[in-house]
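Close look at the chain arrangement
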Amino acid sequence: MRSPIAVAPGHSRLLAAGVVLAAQSLLLSLSAVPAAADGGQPVPARGTARMGQGVLEHEGVLGRPADVDRAAVARTEGVDVSSHQGNVAWPTLWKSGVKWAYVKATEGTSYRNPYWTQQYRGSYDAGMIRGGYHFATPDTSGGAAQADYFADHGGAWSKDGKTLPGVLDIEYNPYGATCYGRTKSQMVSWIKSFLDRYKSRTGREAVIYTSTNWWTQCTGNYSGFGSRNPLWVARYASTVGTLPAGWSFQTMWQYTSTGATVGDHDRFNGDLARVKELATG
């Protein structure tokens, strides 16, 4: 049997110190991971939010519309994309029946989608009617400032029959508190500031994208925008469900995040002629 290896006293102290340093390093690396937003997954990097991300995380999937639903009333298939999708196979989507698209343009006042050109021009080249959307972060800057940033970097509108009005994507906060640390009245004021500035910059009323649950929780189910702003409601279920107060119908419905080619699929509440009507104003 071999004798244990003797360690000099000085070496023992160095070994112990090394163990302590290694443990401290591990603790520091663990603490560097961002805290979870609302107790969920670790907070993502700013700019990475995409339309419907919070709907999936907070509300889940309650079903999927039957194909007969689309046949019963004229509905036109669309998609929404962001940097999450990268380069999109637009010809494939066009052949599958997708006729319109929305592309994430901006977030806050500092983020621009690096895939904007491929996605926005690519959808147009494939024959689609397309527009841009802005992911709102009411905790980082005012509504008017974000509307300006959006209008300057993809949210502009032209009456060419191929450009849809811009969308304000206002939904669950992926970076922190669900309502971005704002009271219901503060949230309504922020949204109004964005919408008013966007209208003054482009001449068009922006579309509001949201979910009924988030809208109720964070605006108190405010009803004042229904008469002026088209509604794009998010609900991953067999039916569109109850709409936010002020709207008697939805213009668009994001019904799934698991479609073929591109996950996020939507249905326009009308035929292609109605889509073109929204584009022309």
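Residues numbered from 1 in each chain as written. Predicted model: local features only at pLDDT ≥ 70, side-chain atom pairs only at ≥ 80, totals over all residues. Heavy atoms only, no water.

To continue, consider the environment of L231. Secondary-structure assignment places L231 in strand β7 (residues 231-234). For the pair L231 and F249, spaced 18 residues apart in the sequence, the C-alpha separation amounts to 7.8 Å. (Helix = DSSP H or I, 4+ residues; strand = E, 2+ residues; numbered from the N terminus.)

With eight of ten residues buried, helix α6 (residues 143-152) is to be regarded as a mostly interior element. The set of residues buried in α6 consists of G143, A144, Q146, A147, D148, Y149, F150 and A151. Each element contacted by the buried residues of α6 is listed here: β2 (100-107), β3 (111-112), β4 (129-135), β5 (167-169) and α7 (184-202). (Buried < 20%, exposed > 50% of the residue type's maximum accessible area, 1.4 Å probe, protein only. Contact = heavy atoms within 4.5 Å.)

Counting across every chain of the model gives one disulfide. The disulfide partner of C179 is C218, and the gap between their sulfur atoms is 1.9 Å. Judged by the sign of its S-S torsion, about -75°, the cystine formed by C179 and C218 is left-handed. Of this pair, C179 sits in the loop between β5 and α7 while C218 sits in helix α8 (residues 212-219), and the two are 39 residues apart along the sequence. Each member of the pair, C179 as well as C218, is classed as buried. (Disulfide = S-S within 2.5 Å.)

In this model, α7 (19 residues) spans 27 Å end to end at C-alpha, consistent with the 27 Å of a helix rising 1.5 Å per residue. Along α7, the residues that are buried comprise M187, V188, W190, I191, F194, L195, Y198 and T202. With its buried residues spanning 160° around the axis, α7 presents them on a single face. Pointing more than 90 degrees away from the buried face of α7 are the exposed residues S185 and S200. Elements that come into contact with the buried residues of α7 comprise β4, α6, β5, β6 (207-210) and α8. Directly beyond the C-terminal end of α7, a positive phi value near 85° is found at G203. (Expected span 1.5 Å × (residues − 1). Arc of directions from axis to C-beta.)

Another aspect to go through is unusual backbone geometry. Backbone geometry places Y180, a non-glycine residue, at a positive phi of 60°. Within the fold, Y180 resides in the loop between β5 and α7. Given the relative accessible area of 5%, Y180 is considered buried. Of note, the phi angle at N221 is positive, near 60°, even though the residue is not glycine. Tracing the backbone shows N221 in the loop between α8 and β7. N221 sits in the partly exposed class, given a relative accessible area of 27%.

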